[in-house]
Amino acid sequence: PIPPAAAAGEESPVEGGPPDHSYSLSSGTTSEELLRKLNEQRDIIALLEVKMKEMKGSIRRLRLAEAQLREEIREKDRLLHAASAGTRKRHGL
């Protein structure tokens, strides 16, 4: 059953046992405190979303840089292979 104060929309403590998680609320939490906590969580989520987008951009740039470096390595390997093959032919190896 809902306590009369809660049914009337007035602030009342949230019913519950002892908190079993770090994010659990104590039994004396008012709706004003709940709203403040909710708004804090929303702010944190918004910041995390911004950070996540920034990290996705960084990952994309790093992948492009990695692909360019791998291509440079392949090109240098081809040049080294061609140069060493040419050296072996000149020396009769």
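Residues numbered from 1 in each chain as written. Predicted model: local features only at pLDDT ≥ 70, side-chain atom pairs only at ≥ 80, totals over all residues. Heavy atoms only, no water.

Under an unreviewed UniProt entry, the name given to the chain is THA11 protein, and the organism recorded is Grantiella picta.

Asker: Outline the pattern of salt bridges, supporting the account with residue identities and numerical values.
Answerer: A side chain with one charge may pair with a side chain of the opposite charge, provided their charged atoms come close. Applying the stated criterion across every chain yields a total of 6 salt bridges. Residue Glu71 is joined to Arg74 by a salt bridge in which the shortest nitrogen-to-oxygen separation is 2.9 Å. Taken as a pair, Glu71 and Arg74 lie in helix H2 (residues 31-90) at a separation of 3 residues, close to a single helical turn. For Glu71, a relative accessible area of 36% gives the class partly exposed. Between Arg78 and Glu75 there is a salt bridge, with its nearest N and O atoms 2.7 Å apart. Of this pair, Arg78 and Glu75 both sit in helix H2, 3 residues apart, which is roughly one turn of the helix. Judged by its relative accessible area of 44%, Arg78 falls in the partly exposed class. Through salt bridges that share partners, Glu71, Arg74, Glu75 and Arg78 make up one connected network. (Salt bridge = Lys/Arg side-chain N within 4 Å of Asp/Glu carboxyl O. Helix = DSSP H or I, 4+ residues; strand = E, 2+ residues; numbered from the N terminus. Buried < 20%, exposed > 50% of the residue type's maximum accessible area, 1.4 Å probe, protein only.)

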